[in-house]
Amino acid sequence: EVQLVESGGGLVQPGRSLKLSCLASGFTFSNYGMNWIRQAPGKGLEWVASISSSSSYIYYADTVKGRFTISRDNAKNTLYLQMTSLRSEDTALYYCARHRGWFAYWGQGTLVTVSS
Amino acid sequence: EIVLTQSPTTMAASPGEKVTLTCRASSSVSYMHWYQQRSGTSPKLWIYETSKLASGVPNRFSGSGSGTSYSLTINSMETEDAATYYCQQGSSYPLTFGSGTKLEIK
């Protein structure tokens, strides 16, 4: 059974940093591209970042480019999102999702709240 | 960036009613994918590559379209279909979602 479990969310002050993790199981992690997608409270889905299976290709939404860094450790079956210079508009539930053109599997999400 | 416009934003349907949700892309895309999200839960893949039903999706659902115009149809609305449905394009980066259609039961 495919499982994606996010962690690392919490309350953080504006301008500070936070690192999210997503532990994958139930499939060969190194064979799949992975993504972060977020959902602000009461709002729709927003794609944040993608990373290919071997980390060769990385893409970001303009809203996070230069502030967020996506990475992965295939030996640990783990996806990461390093978030810096956080803003109030980054407040959201952050999902990791397995990618093959579409997002077949999603985690339960980890909540990031940016507030002073 | 390819902008996806979903309509309607909200709608209510009676049990047994036929429902059609639409998603229009600002530029042509190869496929459209759809997700269902019930309140308080993670989105679930519902339809991929325009017309293929994800595992476990009832066959009263169907998807169609091409180019810039796509749709999700429910042949006969059931109570459990009440949810928000999002379309998504994977043809080019940035990947984008529509703003969603909230479907309620009447």
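Student: What is the right way to read the sheet that holds strand 8 (residues 78–83) of chain A from this model?
Tutor: Remark on secondary structure: sheet strands pair via backbone hydrogen bonds, oriented parallel or antiparallel. Residue and element names in this part refer to chain A. Taken in spatial order, the 4 strands line up as 1-3-8-7 in an open sheet, and their pairing is antiparallel. Each having just a single partner strand, strand 1 (3–7) and strand 7 (68–73) make up the two edges of the open sheet. Direction aside, neighbouring strands of the sheet carry axes that sit 15° apart on average. Where strand 1 and strand 3 (residues 18–25) come together, 5 bridges link them in antiparallel fashion. Bridge pairing links Leu4 to Ala24 in strand 3.

Student: What is the right way to read the pairing of strand 5 (residues 44–48) of chain B from this model?
Tutor: For a regular strand, side chains alternate in direction, first toward one face of the sheet and then toward the other. Residue and element names in this part refer to chain B. Relative to strand 5, strand 4 (residues 33–37) runs antiparallel, the two sharing 3 bridges. Residue pairing for strand 5: Tyr35 is matched across the bridge by Leu45. As consecutive antiparallel partners, strand 4 and strand 5 are separated by 6 residues, and within that stretch Gly40 has a phi angle of approximately 80°, a positive value. Pairing between strand 5 and strand 6 (residues 52–53): 2 bridges, direction antiparallel. What sits directly across from Tyr48, in strand 6, is Lys52. Between strand 5 and strand 6, which pair antiparallel one after the other, the connecting turn spans 3 residues, and Glu49 there sits at a positive phi close to 50°.

Student: I'm lost on the sheet that holds strand 3 (residues 19–25) of chain B in this one. Help?
Tutor: All names here are of chain B. One open sheet accounts for 4 strands, arranged 1-3-8-7; its pairing is antiparallel. The open sheet terminates on both sides in strands that have one partner only, identified here as strand 1 (4–7) and strand 7 (61–66). In this sheet, adjacent strand axes meet at a mean angle of 15° when their direction is disregarded. Of the pairings in the sheet, the one linking strand 3 to strand 8 (residues 69–74) comprises 6 bridges and is antiparallel in character. When the sheet's bridge partners are listed, Leu21 is paired in strand 8 with Leu72.

Student: Is there a simple way to think about the pattern of salt bridges in this case?
Tutor: Side chains that differ in sign of charge can pair as their charged atoms come close. Residue and element names in this part refer to chain B. Enumeration over the complete set of coordinates arrives at 9 salt bridges over all chains. Glu78 serves as the salt-bridge partner of Arg60, at 3.6 Å between the closest nitrogen and oxygen. Taken as a pair, Arg60 in the loop between strand 6 and strand 7 and Glu78 in the loop between strand 8 and strand 9 (83–89) lie far apart in primary sequence, 18 residues in all. For Glu78, a relative accessible area of 36% gives the class partly exposed. Of the charged contacts, one joins Glu104 and Lys102 as a salt bridge, the two residues approaching to 3.8 Å between their closest N and O atoms. Owing to a relative accessible area of 33%, Glu104 belongs among the partly exposed residues under this scheme. The partly exposed category is assigned to Lys102, whose relative accessible area is 43%.

Student: How should the pairing of strand 9 of chain B be read in this particular structure?
Tutor: Residue and element names in this part refer to chain B. The element strand 9 is largely enclosed, with a buried count of 7 among its 7 residues. Residue alternation in strand 9 divides its side chains into two sets, Ala83, Tyr85, Cys87 and Gln89 and Thr84, Tyr86 and Gln88, and both sets are buried. Inspection of the sheet shows strand 4 paired to strand 9 by 5 bridges, in the antiparallel sense. Within strand 9, the position partnered with Gln37 by the bridge is Thr84. The pairing of strand 9 with strand 11 (residues 101–105) spans 3 bridges and is antiparallel. Across the sheet, the residue bridging to Tyr85 is Thr101, located in strand 11. As judged from the 2 bridges shared by strand 9 and strand 10 (residues 96–97), these two strands associate in the antiparallel manner.

Rules used throughout
- Residues numbered from 1 in each chain as written.
- Chains lettered and ligands numbered in written order.
- Predicted model: local features only at pLDDT ≥ 70, side-chain atom pairs only at ≥ 80, totals over all residues.
- Heavy atoms only, no water.
- Pairing = 2+ DSSP bridges.
- Helix = DSSP H or I, 4+ residues; strand = E, 2+ residues; numbered from the N terminus.
- Axes fitted to C-alpha atoms, helices over the stretch in contact; angles between N-to-C directions.
- Salt bridge = Lys/Arg side-chain N within 4 Å of Asp/Glu carboxyl O.
- Buried < 20%, exposed > 50% of the residue type's maximum accessible area, 1.4 Å probe, protein only.

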